[in-house]
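Coordinates in review
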Amino acid sequence: MSGGEVAGILVAVFWAILVSFLALALVRLAQTLKATTKLVADVTEQAVPLLSEASATVRSANTQLARVDSIAADVQEVTANASALSSTVSSAFGGPLVKVAAFGYGVRRAMGRKAPAEPEPAPESRTRRTVIVGKTVPSARGGGRRNRGSKG
């Protein structure tokens, strides 16, 4: 055998191995393409019903939002009416109620002065009292932090 024949056999073997690898790669590529095609078909079958359900859900949400919008408009109208009613009641009864309260206060003061009057102490020695719904409560102690003795 000559060198050319050996080289020809080596090239033929190399070519056969190369063709085998390429055939194997093409077979695997064909399997991958089949699997991908099947996957796309399955996704398409499932996506169409999902899209129709999503569309129905969006339509339902739009209907509910329209209802909520009308409810919000009604609540706004009720709020405006309540505000107007409050203003009307305040203007109609506010003045007379203040006058009645002032009259009652004057009557209580007048009734309180019918008793024999005690001499009033000097303004410095008077204790200040606060009136809370008909009860008299002594005022807070006089003097702040500046008037207190130092705590050594």
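Please read these numbers as outputs of a predicted model, since none were measured by experiment.

Attention now goes to the overall build of the protein. A tally of regular secondary structure across the protein gives one helix and two strands. What you see in the protein, going N to C, is helices and strands ordered as α-β-β. A total of about 14,200 Å² of accessible surface is found on the protein, and carbon and sulfur atoms cover 65% of it.

Right, let's talk about a nonpolar patch on the surface for a bit. A surface patch of nonpolar side chains, about 830 Å² in accessible area, is lined by M1, V6, I9, L10, V13, I17, F21 and L24. If you trace the backbone, I17 turns up in helix 1 (residues 3–113). A residue is classified by how much of its surface remains accessible, and I17, at 43% relative accessible area, is partly exposed.

Per-residue pLDDT for the protein has a mean of 82; in total, 74% of the residues score no lower than 70. Predicted confidence in the protein is weakest over strand 1 (residues 129–132), with a mean pLDDT of 57, and strongest over helix 1, with 91.

An ideal rise of 1.5 Å per residue puts 165 Å on 111 residues; helix 1 reaches only 145 Å between its terminal C-alpha atoms. Along helix 1, the sharpest kink reaches roughly 40°, centred on F93 and followed within four residues by the proline P96.

About the thresholds
Residues numbered from 1 in each chain as written. Predicted model: local features only at pLDDT ≥ 70, side-chain atom pairs only at ≥ 80, totals over all residues. Heavy atoms only, no water. Helix = DSSP H or I, 4+ residues; strand = E, 2+ residues; numbered from the N terminus. Areas by Shrake-Rupley, 256 points an atom, 1.4 Å probe, with all protein chains shown as cover. Patch = residues over 30% accessible without salt bridge, like charges linked within 9 Å, V, L, I, M, F, W, Y side chains within 5 Å. Salt bridge = Lys/Arg side-chain N within 4 Å of Asp/Glu carboxyl O. Buried < 20%, exposed > 50% of the residue type's maximum accessible area, 1.4 Å probe, protein only. pLDDT = per-residue confidence, 0-100. Expected span 1.5 Å × (residues − 1). Bend = angle between axes of the 7 residues up to and from the residue.

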